[in-house]
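# Observations on the three-dimensional arrangement
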2 protein chains.
Amino acid sequence: MLDPAVAARLKRTADGLVCAVVQQHGTGEVLMVAWMDDAALEETLTTRQATYFSRSRQQRWRKGETSGHTQYVHEVRLDCDGDALLLVVDQAGAACHTGDRTCFDADVLLKA
Amino acid sequence: MLDPAVAARLKRTADGLVCAVVQQHGTGEVLMVAWMDDAALEETLTTRQATYFSRSRQQRWRKGETSGHTQYVHEVRLDCDGDALLLVVDQAGAACHTGDRTCFDADVLLKA
């Protein structure tokens, strides 16, 4: 079970989820954004393997369980208002299901 | 008005919002997570001043309009499934309303 002191600090959506930003250790690349329920967060904290909750499939999934593109979790932080997590990970292979390194590689709306 | 070609790629929450991850240019620090409606995104893209939609106040706000802690936007990217934005910004002063540099500084759930 998720530590009650942590659970008490989470501010969840109506669906019981908290947003998770996933960043590559060392380089700082933002790899993806996903969602966690309490059980996904607890599994992530205890195993150091990033685990999320799929809103489309309505189930928990361990990142890389089918693709092999797992995330080893170095660090987890909660933001000031309790509704966003930051995971610092080591990404094996591509983070994106398209095969791109990150989910933000393909679509640039505004260029530097 | 937001470019219809961009608007068509957005996958919004039931409230009409898309999640925005905000990252410091150069260092890669993740500063905060906020939300945007179409109008906030359009204002951000045209002015390069980060503008969000406050879910608690139910209104648009330009980051730093009261605090002075503005964000100059270098780059905006949309993720592979259209429900998360990545903004690369220059943050003036603290990103967090607590005075911390980032909203993720204070609460570490899992240490490296």
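The sections below set out a description of the structure shown in this document. Just so we're clear, the structure is a prediction, and the values are computed from it rather than from any experiment.

## Notes on the relation of the copies chain B and chain A
When chain B is brought onto chain A, the operation consists of a screw motion whose angular component is 180° and whose axial shift is 0.0 Å, with 0.0 Å RMSD remaining. Viewed as a symmetry operation, the transformation between the two copies matches a two-fold axis. Rotation axis and chain B: the residue whose C-alpha lies nearest the axis is B:Gly28, separated from it by 2.5 Å.

## Overview of the pattern of salt bridges
All chains considered together, the criterion is met by 14 salt bridges over all chains. Residue B:Arg9 pairs with A:Asp107 through a salt bridge whose shortest N-O separation is 2.7 Å. Remark: A:Asp107 occurs in strand β7 (residues 107-110) and B:Arg9 occurs in the loop between α1 (4-7) and β1 (18-24); the pair is interchain, linking two chains. Residue A:Asp107 is classed as buried on the basis of its relative accessible area of 16%. The partner of B:Asp38 in a salt bridge is B:Arg12, and the shortest N-O contact between them spans 2.8 Å. Highlighted residues: B:Asp38 in helix α2 (residues 38-47) and B:Arg12 in the loop between α1 and β1, separated in sequence by 26 residues.

## Observations regarding the interface of chain B and chain A
Counting residues at the interface gives 38 residues for chain B and 38 residues for chain A. Across the chain B/chain A interface, buried area totals approximately 3,200 Å², and carbon plus sulfur atoms make up 63% of it. When residues of chain B are sorted by the area they lose upon contact with chain A, B:Phe104, B:Leu109 and B:Leu110 head the list and together hold 23% of the total. Connecting chain B to chain A are 4 salt bridges. Note that B:Arg55 is salt-bridged to A:Asp83, the shortest N-O span being 2.7 Å. Applying the counting rule to chain B against chain A returns 22 residue pairs in polar contact (both at pLDDT 80 or more). With 6 residues, strand β5 (residues 71-78) of chain B is the largest single contributor of residues to the side of chain B that touches chain A. Considering only residue class, the side of chain B that touches chain A consists of 22 nonpolar, 6 polar and 10 charged.

## Quick look at unusual backbone geometry
The backbone of A:Gln58 sits at a positive phi, close to 55°, despite the residue not being glycine. In this fold, A:Gln58 is placed in the loop between β3 (51-54) and β4 (59-62). The class for A:Gln58 is exposed, based on a relative accessible area of 56%. Positive phi, close to 60°, is recorded for B:Arg48, a residue that is not glycine. Within the fold, B:Arg48 resides in the loop between α2 and β3 (51-54). When its relative accessible area of 21% is taken as the criterion, B:Arg48 is described as partly exposed.

## Examining the pairing of strand β2 (residues 30-36) of chain A
All names here are of chain A. Judged by how many residues are buried, β2 sits mostly within the fold: 7 of 7 residues are covered. Where strand β1 (residues 18-24) meets β2, 6 bridges bridge the pair, whose relative direction is antiparallel. The residue bridging Gln-23 from the neighbouring strand is Val-30, located in β2. Joining the antiparallel neighbours β1 and β2 is a turn of 5 residues, in which Gly-26 adopts a positive phi near 90°.

## A short note on the sheet that holds strand β6 (residues 84-91) of chain A
The mixed open sheet is built from 5 strands, whose spatial order is β2(A)-β1(A)-β6(A)-β5(A)-β7(B). Whereas interior strands pair on both sides, the edge strands pair on one side only; in this sheet they are β2 of chain A together with β7 (107-110) of chain B. On average, each strand axis in the sheet is inclined to that of its neighbour by 30°, with strand direction left out of account. Here strand β5 (residues 71-78) of chain A pairs with β6(A) via 7 bridges, running antiparallel. Looking across to β6(A), one finds that A:Arg77 is bridged to A:Leu86.

Calculation criteria
- Residues numbered from 1 in each chain as written.
- Chains lettered and ligands numbered in written order.
- Predicted model: local features only at pLDDT ≥ 70, side-chain atom pairs only at ≥ 80, totals over all residues.
- Heavy atoms only, no water.
- Least-squares fit on C-alpha atoms with pLDDT ≥ 70 in both.
- Salt bridge = Lys/Arg side-chain N within 4 Å of Asp/Glu carboxyl O.
- Helix = DSSP H or I, 4+ residues; strand = E, 2+ residues; numbered from the N terminus.
- Buried < 20%, exposed > 50% of the residue type's maximum accessible area, 1.4 Å probe, protein only.
- Contact = heavy atoms within 4.5 Å.
- Buried area = accessible area lost by both parts, 1.4 Å probe.
- Polar contact = N/O pair within 3.5 Å; in protein donor to acceptor, adjacent residues only side chain to side chain.
- Nonpolar A, V, L, I, M, F, W, Y, C, P; charged D, E, K, R; others polar.
- Pairing = 2+ DSSP bridges.
- Axes fitted to C-alpha atoms, helices over the stretch in contact; angles between N-to-C directions.

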